[in-house]
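One letter stands for each residue in the lines below.
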Amino acid sequence: MSKSGLMIGDRMPGARLRATDGNDYELEAEGAAATVIYWTCNHCPYALAWQDRLHQVARDYLERGVRVLAVNSNSDETHPADSFDAMRERVDREGGWPTPYLRDESQQVAGAFGALTTPDVFIFDGQPELRYRGAPDGDYDDPALNADWLRAALDAIIEGRDPEPAETQPVGCGIKWR
Amino acid sequence: MDNRRDHRADQGRTGQRGLVTDAGRTEAGVTLYWWQGCPSWQRALTMVREEMDRQGLDHESLEVIEIKDEADAVRYAFPGSPTILIGGEDIQPPGPGQPTGLTCRVYRRPDGRVSPLPDPEDLREAFVKTYG
């Protein structure tokens, strides 16, 4: 795993990003029991394969005070399918998402986090400090795993325990840098 | 009829089915193209080898070709990793106008899911269609 970017225990970088719903969102929000920020995109089969599992986590943990944000930082110069317009069209086509779908046009947020792949999941506690980073679960091709690494980490954070493991290897397509 | 191809196929048989030429190279066998940016290629290779075993095909009929750069992608009209050709045909032919390049292949599963890997049944059917 890359040693650049955030390490476990690091504070969440501040940033404000525009979402497909037209609103701007701060990454940090007061009062969240935990915040999940994951990188995704429109074209990568790994991101697409895990997408339903990630959406379901957002729905299942909403009442427990967990905030989930999806971020797309891919260059739309090399990958037009990841343009902001294409993101909006996708969310509309899919009948809306349970999470804001944020555009990191400058790629500065991906750089600050050290995001590597789509997907790449970062979970922060209420401080907000990084407590888990990696893949949602152990197999992009097995929906039955149900993002169990992500869920276990969230359960631990909400219950005041340390996620175990705190890091797994993110798996997916590399972020498409300019 | 392509007599030359049939002749080579007969010459190349090694006790198992598979089209291996005199030089030991695949003529119309199985080819897996991969790019290191997509980790599913190794599982795809395992799937192909296991299916070749089921079909009784010699692994010498399998070519594994790494797409190293954009020039390779253009040369092979590479629609993404992994791409699997059986008897020269893509097991899930890309649609017309699909761009080529260094990218990860999206496979549509019969149940509507998207995966970086082809459906095992689709792969099996492709083998049976060519070699069955």
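These figures come from a predicted structure and were not determined experimentally.

Things to note about the sheet that holds strand β4 (residues 66-72) of chain A
Residue and element names in this part refer to chain A.
Moving on, step 1. Spatial strand order, β2-β1-β5-β4-β3-β7-β8: seven strands in an open sheet with mixed pairing. Each edge of the open sheet carries a strand with a single partner, namely β2 (24-26) and β8 (130-134). Averaged over all pairs of adjacent strands, the angle between strand axes in this sheet comes to 30 degrees, irrespective of strand direction.
Moving on, step 2. In the sheet, strand β1 (residues 16-19) pairs with β2 via three bridges, with the strands oriented antiparallel. Pairing of Leu17 across the sheet is with Tyr25, part of β2.
Moving on, step 3. Set on the sheet, helix α2 (residues 84-93) makes contact with β1, β4 and β5 (101-103); between it and β5 the angle comes to about 175 degrees.
Moving on, step 4. Those strands touched by helix α4 (residues 148-158) are β3 (34-39), β4, β7 (120-125) and β8, and its axis lies near 10 degrees from that of β7.

Points about unusual backbone geometry
Moving on, step 1. The step from A:Gln127 to A:Pro128 runs through a cis peptide bond, and the omega angle for that step is 0 degrees.
Moving on, step 2. Looking at the secondary structure, you find A:Pro128 in the loop between β7 and β8.
Moving on, step 3. Of the consecutive residues B:Ser81 and B:Pro82, the connecting peptide bond is found in the cis state with omega at -5 degrees.
Moving on, step 4. In this fold, B:Pro82 is placed in the loop between α3 (70-75) and β3 (83-86).
Moving on, step 5. Despite not being glycine, A:Gln107 has its phi angle at roughly 70 degrees, a positive value.

Quick word on the environment of A:Trp149
Residues and elements named next belong to chain A.
Moving on, step 1. Here Trp149 is to be found in helix α4.
Moving on, step 2. According to the relative accessible area criterion, Trp149 is partly exposed, its value standing at 33%.
Moving on, step 3. Separated by 135 residues in the primary sequence, Trp149 and Gly14 place their C-alpha atoms 25 Å from one another.
Moving on, step 4. With sequence-adjacent residues up to four places away left out, Trp149 is seen in contact with Tyr132, Ala135, Pro136, Asp137, Gly138 and Thr168.

Some details on the pairing of strand β2 (residues 62-66) of chain B
All names here are of chain B.
Moving on, step 1. Of the pairings in the sheet, the one linking strand β1 (residues 30-34) to β2 comprises five bridges and is parallel in character. Note that in β2 the partner of Leu32 across the bridge is Val64.
Moving on, step 2. In this fold, β1 hands off to helix α2 (residues 41-55), which returns the chain to β2; that crossover is right-handed.

Section: the packing of aromatic side chains
All names here are of chain A.
Moving on, step 1. Throughout the structure, instances matching the rule amount to ten aromatic pairs over all chains.
Moving on, step 2. Ring centres 6.1 Å apart and planes at 85 degrees place the aromatic pair Trp50 and Tyr140 in the edge-to-face group. Taken together, the residues Trp50 in helix α1 (residues 45-61) and Tyr140 in the loop between β8 and α4 connect sequence positions 90 residues apart. Residues Trp50 and Tyr140 agree in their burial class; the two are buried.
Moving on, step 3. Taken together, a centroid distance of 5.8 Å and an interplanar angle of 85 degrees make the contact between Phe113 and Phe124 edge-to-face. Remark: Phe124 occurs in strand β7 and Phe113 occurs in helix α3 (residues 108-113); sequence separation between them is eleven residues. We note that Phe113, like Phe124, is buried.

Here's the deal with the interface of chain A and chain B
Moving on, step 1. If you look at the interface, chain A gives 13 residues, while chain B gives 16 residues.
Moving on, step 2. Summed over both partners, the interface of chain A with chain B comes to about 1100 Å²; 55% of that surface belongs to carbon and sulfur atoms.
Moving on, step 3. Looking at the side of chain A facing chain B, the largest losses of area belong to A:Pro45, A:Tyr140 and A:Asp141, adding up to 43% of the total buried there.
Moving on, step 4. Between the two partners, chain A and chain B, sit three salt bridges.
Moving on, step 5. Ionic pairing is found between A:Asp139 and B:Arg43, a salt bridge with its closest N-O pair at 2.8 Å.
Moving on, step 6. Connecting chain A to chain B are four residue pairs in polar contact (both at pLDDT 80 or more).
Moving on, step 7. With four residues, α1(A) is the largest single contributor of residues to the side of chain A that touches chain B.

Rules behind the numbers
Residues numbered from 1 in each chain as written. Chains lettered and ligands numbered in written order. Predicted model: local features only at pLDDT ≥ 70, side-chain atom pairs only at ≥ 80, totals over all residues. Heavy atoms only, no water. Pairing = 2+ DSSP bridges. Helix = DSSP H or I, 4+ residues; strand = E, 2+ residues; numbered from the N terminus. Axes fitted to C-alpha atoms, helices over the stretch in contact; angles between N-to-C directions. Contact = heavy atoms within 4.5 Å. Buried < 20%, exposed > 50% of the residue type's maximum accessible area, 1.4 Å probe, protein only. Right-handed = clockwise from strand over helix to strand, strands pointing away. Phe/Tyr/Trp six-rings, centres within 6.5 Å; stacked < 30°, edge-to-face > 60°. Buried area = accessible area lost by both parts, 1.4 Å probe. Salt bridge = Lys/Arg side-chain N within 4 Å of Asp/Glu carboxyl O. Polar contact = N/O pair within 3.5 Å; in protein donor to acceptor, adjacent residues only side chain to side chain.

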